[in-house]
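# Examination of the molecular architecture
Chain by chain, the residues:
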Amino acid sequence: AYGSFPLYLLRFIQYVYDWLPWSDINDLRIVGRSISALADVAAVAVVYFLGRSAYGRREGLLAAAMASVAVIHIQLSHFYAVDTLLSLFTVLSLFFMYLFARDGRPKYSVLAGVFIGLGLATKISQAPILFAYAMAHILFLVNAVGPDKSHISTSERVRNSLQGIGGGVAAMLVVLLAAQPYM
């Protein structure tokens, strides 16, 4: 159920610390807790950006305020639990999926694929987000998100959607295999 990315991340930080002359890091619990807390704070910021993009500034602030006082986030950010990293990757991928559904730029689909890949390399329970990824492309095709983009032709919509899916799935697989090579 658990991927290897969080362990590689912790080991990478230990490796970086080993090169610093003034530091000696033997207890990785503090580093792990710091990573978890930073991931949780970053997830709250991304919730704000997602809410602001979809509904407005006030709604983004309200969503971020609610996410910041969620008991599970507060509890898990005190430990090196992979769920805070998973939460960050989930919210980031949802943010880029929303941007793709709204604007149809393939780079947003690729970025969503990168964060889905990192999420899958963190914990396999990220897998159902693939349905949301497919839905984002369908929503762009039918012009269901954001302002009316009827000036974009159907062939251009299909092309952007296929480019997005191709690039996103490729990015997802590359990141997943790099972050969890023994999968």
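Just above, that's the structure.
Residues numbered from 1 in each chain as written. Predicted model: local features only at pLDDT ≥ 70, side-chain atom pairs only at ≥ 80, totals over all residues. Heavy atoms only, no water.

Now for the side chain of Ser109. Following the sequence through the fold, Ser109 ends up in helix α6 (residues 106-122). Filtering out sequence-adjacent residues up to four positions away, Ser109 remains in contact with Phe100, Tyr133, His137, Gly164, Ile165 and Gly168. (Helix = DSSP H or I, 4+ residues; strand = E, 2+ residues; numbered from the N terminus. Contact = heavy atoms within 4.5 Å.)

Moving on to the packing of α6 against helix α8 (residues 154-179). Orientation of α6 relative to α8, taken along the N-to-C sense of each, is 30°, at an axis distance of 7 Å. If you check the angle between α6 and α8, you find them roughly parallel. The two elements α6 and α8 cross, and the hand of that crossing is right-handed. Packed against α6, whose contacting residues are Pro106, Ser109, Val110, Gly113, Val114, Ile116, Gly117, Leu118, Leu120 and Ala121, the element α8 presents Asn160, Gln163, Gly164, Ile165, Gly167, Gly168, Ala171, Met172, Val175, Leu176 and Ala179 at the interface. When its residues are assigned to classes, the contact of α6 with α8 shows 13 nonpolar, eight polar and no charged. (Axes fitted to C-alpha atoms, helices over the stretch in contact; angles between N-to-C directions. Parallel < 35°, antiparallel > 145°, perpendicular 65-115°, else oblique. Left-handed = near helix turned anticlockwise from the far one by under 90°. Nonpolar A, V, L, I, M, F, W, Y, C, P; charged D, E, K, R; others polar.)

This part covers the pattern of salt bridges. A full pass over the atoms with the stated rule returns three salt bridges. In this structure, Glu59 and Arg58 form a salt bridge, with 3.5 Å as the shortest nitrogen-oxygen distance. For Arg102, the salt bridge identified is with Asp103, shortest N-O distance 3.2 Å. Relative accessible area serves as the criterion here: at 25%, Asp103 is assigned to the partly exposed category. (Salt bridge = Lys/Arg side-chain N within 4 Å of Asp/Glu carboxyl O. Buried < 20%, exposed > 50% of the residue type's maximum accessible area, 1.4 Å probe, protein only.)

What follows covers the environment of Ile13. Its place among the elements puts Ile13 in helix α1 (residues 5-19). Taking the C-alpha atoms as reference, Ile13 lies 9.7 Å from Ile35; in sequence the two are 22 residues apart. Look past the residues within four positions of Ile13 in its chain and what remains in contact with it is Val31 and Ile35.

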